[in-house]
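# Fold and contact review
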Amino acid sequence: MQELNHKLAEIKQEILDGMEQLESSKEVYEFKKSYLDSKKGKIGQLMKEMRNIAPENRAAYGKSVNELKEWATACFEELDVKLKAKELQQRYENEKIDITMPAVKKTKGNLHPITQVRNQLIDVFSSMGFEVFEGTEIETDYYNFTALNTPQDHPARDMQDTFYLSPEFLLRTQTSAGQIHVMENRKPPIKILSPGKVFRSDDDATHSPMFTQMEGLVVDKGITLCDLKGMLDVLVQKIYGEGTTTRLRPSYFPFTEPSVEVDCSCFACGGKGCKLCKGTGWIEVLGAGIVNKKVLENCGIDSEEYSGLAFGIGIERTAMLKYGINNIKLLFESDLRVLEQIDD
Ligand code: DAH
């Protein structure tokens, strides 16, 4: 019996020493198992010794082993709670997020301003039912001029300095050339938008030998200038902001009659007069008109039955106005310091 008490004391000391080395709740679990596991644990095995104990000592023996077991269980429990709390604390520390830390800057590309404006214009008009027709950059004299009521000796040819490739072929000077292709190939109702590059021998701060236009054409029964104004009002509101309006000024283009120059109310000063609108309250944004009957007839469309409206808008000019760019070259130089600033 004495020998047994000695053994129990030994185990107790062993547990106390062992616990000092434990650093995690997982280690506590393993350590606990090595003592309390009913089959393999050291304390568990003590119970199996019962049969070797004299019957009169069995009750005392059982009591001692149980006391040791209860004591050990309480010790492990206490240590487990302590270490688990510490571990949780550590986890909180590790997972702590510093919300004041500056975010990692992700650089992303953006579309070229000309593409942005082109897409915005297409969005506006496709919501009104327009389809996109892209013509070709090399055109014949006929499509670029003659069919548009600008025959060879017409003075309006001087309005645009043309790059001729041969007497017959040229680099189109205007997307209006696309109107003819569409009207030759389709019956009204027609509602198309024709964006693309055009070319003129012209070069200064606001002109470039290559630039981009977007043509619009509607042909149907009873089309009037009112339809044009309604559409252009929507256009300038979407591009330059709510509250912007348009006014039509008489002008001249060979392919429209009447022809108009379209101004929008100055979006910088609201029409009061400022540097941008040169004190007038209005900014010229595009050319337009009612399709000349001769142009309809040139394409085999009965001008008694149908009428049309057309407009042509310069995309670089629109981008320059919208984003406050004062030199057209900035749009062709691919300087990222400029392009990065424009992301609509
Ligand atoms: N083609 C003209 C130009 O380049 C712009 C234009 C004016 C287009 C009136 C049109 C229009 O369709 O009706 O200057």
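Residues numbered from 1 in each chain as written. Predicted model: local features only at pLDDT ≥ 70, side-chain atom pairs only at ≥ 80, totals over all residues. Heavy atoms only, no water.

It is worth spelling out the pattern of salt bridges at this point. Taken as a whole and assessed by the stated rule, the structure comprises 16 salt bridges. Measuring nitrogen to oxygen at the nearest pair gives 3.0 Å for the salt bridge that ties Arg 247 to Asp 263. Note that Arg 247 is positioned in strand E6 (residues 246-253) and Asp 263 in strand E7 (residues 256-265), a separation of 16 residues in sequence. Using a relative accessible area of 31% as the deciding quantity, one classes Arg 247 as partly exposed. A salt bridge links Lys 293 to Glu 304, with the shortest nitrogen-to-oxygen separation between them at 3.9 Å. In this pair, Lys 293 is assigned in helix H9 (residues 293-298) and Glu 304 in the loop between H9 and strand E9 (307-314), connecting sequence segments eleven residues apart. For Lys 293, a relative accessible area of 47% gives the class partly exposed. Through salt bridges with shared partners, a single network forms among Arg 247, Arg 249, Asp 263 and Glu 284. (Salt bridge = Lys/Arg side-chain N within 4 Å of Asp/Glu carboxyl O. Helix = DSSP H or I, 4+ residues; strand = E, 2+ residues; numbered from the N terminus. Buried < 20%, exposed > 50% of the residue type's maximum accessible area, 1.4 Å probe, protein only.)

When a protein is soluble and globular, its nonpolar side chains tend to lie buried together. If you look at the biggest cluster of nonpolar residues, it comprises 42 residues, and the most contacted ones within it are Leu 121, Phe 125, Leu 235, Leu 286 and Phe 311. Listing elements by their share of this core, those giving two or more residues are helix H5 (113-126), strand E5 (210-220), helix H8 (225-240), E7, strand E8 (282-291), E9 and helix H10 (315-323). For this core, the element with the most residues is H8, which contributes seven residues. Not counting residues within four places of it along the chain, the set of residues in contact with Phe 311 comprises Phe 125, Leu 193, Met 214, Glu 215, Gly 216, Leu 228, Leu 232, Leu 286, Gly 287 and Ala 288. (Core = buried A, V, L, I, M, F, W, Y, C linked by side-chain atoms within 4.5 Å. Contact = heavy atoms within 4.5 Å.)

It is worth spelling out the sheet that holds strand E1 (residues 131-132) at this point. Pairing within the open sheet is mixed, and its seven strands lie in the order E1-E4-E5-E9-E8-E7-E6. Two strands close off the open sheet at either side, each with one partner strand: E1 and E6. One ladder, built from eight bridges, connects E7 with E8; its direction is antiparallel. In the sheet register, Asp 263 faces E8, and the bridge partner there is Glu 284. Helix-sheet contacts for H5 involve E1, strand E4 (190-199), E5 and E9, and the interaxial angle to E4 is about 165°. (Pairing = 2+ DSSP bridges. Axes fitted to C-alpha atoms, helices over the stretch in contact; angles between N-to-C directions.)

Taken together, 16 residues lie around the ligand, and Gln 174, Ser 176, Arg 200, Gln 213 and Glu 215 are the ones closest in. Ser 176 places a polar side-chain atom, nitrogen or oxygen, 3.0 Å from a nitrogen atom of the ligand. The separation between an oxygen atom of the ligand and a polar side-chain atom of Glu 215 is 2.6 Å. Contact with the protein chains covers 92% of the free accessible surface of the ligand, which is 360 Å². Within the residue set of the shell around the ligand, elements represented by two or more residues are E5, E8 and E9. In terms of residue class, the shell around the ligand is made up of five nonpolar, nine polar and two charged. (Near = heavy atom within 4 Å. Polar contact = N/O pair within 3.5 Å; in protein donor to acceptor, adjacent residues only side chain to side chain. Areas by Shrake-Rupley, 256 points an atom, 1.4 Å probe, with all protein chains shown as cover. Nonpolar A, V, L, I, M, F, W, Y, C, P; charged D, E, K, R; others polar.)

The subject of this paragraph is the confidence of the model for the protein. Confidence in the prediction of the protein, expressed as mean pLDDT, is 92, and 100% of residues score 70 or more. Taken element by element, the protein is modelled with least confidence in helix H3 (residues 42-48), mean pLDDT 83, and with most confidence in E9, mean pLDDT 98. (pLDDT = per-residue confidence, 0-100.)

Once that is clear, we can look at the layout of surface pockets. Estimates place the volume of the second largest pocket at around 240 Å³. Looking at the second largest pocket, it is lined by 13 residues, and the ones nearest its centre are Glu 3, Leu 4, Glu 49, Ile 53 and Tyr 61. The greatest single-element share of the lining of the second largest pocket, amounting to five residues, is contributed by helix H1 (residues 2-21). Among the residues forming the lining of the second largest pocket, the class breakdown is six nonpolar, three polar and four charged. (1 Å grid on protein atoms, 1.4 Å probe; cavity = no way out; pocket = protein on both sides within 12 Å on 5 of 7 lines; lining within 4 Å. Points joined across faces, edges and corners; volume = space filled by probe spheres on them.)

It is worth spelling out helix H4 (residues 58-94) at this point. Helix length check: H4 (37 residues) gives 53 Å between terminal C-alpha atoms against 54 Å at 1.5 Å per residue, within 8%. Every buried residue of H4 is listed here: Tyr 61, Gly 62, Ser 64, Val 65, Leu 68, Ala 72, Cys 75, Phe 76, Leu 79, Asp 80 and Leu 83. Looking at the buried side of H4, the elements it contacts are H1, helix H2 (25-36) and H3. (Expected span 1.5 Å × (residues − 1).)

Our focus in this paragraph is the packing of aromatic side chains. Within the structure shown, the criterion is met by eight aromatic pairs. A ring pair is formed by Phe 125 and Phe 130, whose centres lie 5.1 Å apart and whose planes are at 65°; its orientation type is edge-to-face. There is no split in this pair, since Phe 125 and Phe 130 are both buried. By way of ring pairs, the aromatic residues Phe 31, Tyr 35 and Phe 76 are connected into one cluster. (Phe/Tyr/Trp six-rings, centres within 6.5 Å; stacked < 30°, edge-to-face > 60°.)

The final tally for this structure, using the stated rule, is one cavity of 30 Å³ or more. Size it by volume and the largest cavity reaches roughly 30 Å³. Along its surface, the largest cavity is lined by Leu 235, Val 236, Ile 239, Tyr 240, Ile 313 and Thr 318. When residues in the lining of the largest cavity are grouped by element, the largest group, four residues, is from H8. Partitioning the lining of the largest cavity into residue classes produces five nonpolar, one polar and no charged.

Here we come to H1. Residues three or four positions apart in an α-helix share a direction because the helix packs 3.6 residues into each turn. The first and last C-alpha atoms of H1 sit 30 Å apart over 20 residues, in line with the 28 Å expected at 1.5 Å per residue. Within the sequence span of H1, burial applies to Leu 4, Leu 8, Ile 11, Ile 15, Gly 18 and Met 19. Projected onto a plane normal to the axis of H1, the buried residues spread over an arc of 100° and lie on a single side. In this structure, H1 carries Gln 2, Glu 3, His 6, Glu 20 and Gln 21 as exposed residues pointing more than 90 degrees from its buried face. (Arc of directions from axis to C-beta.)

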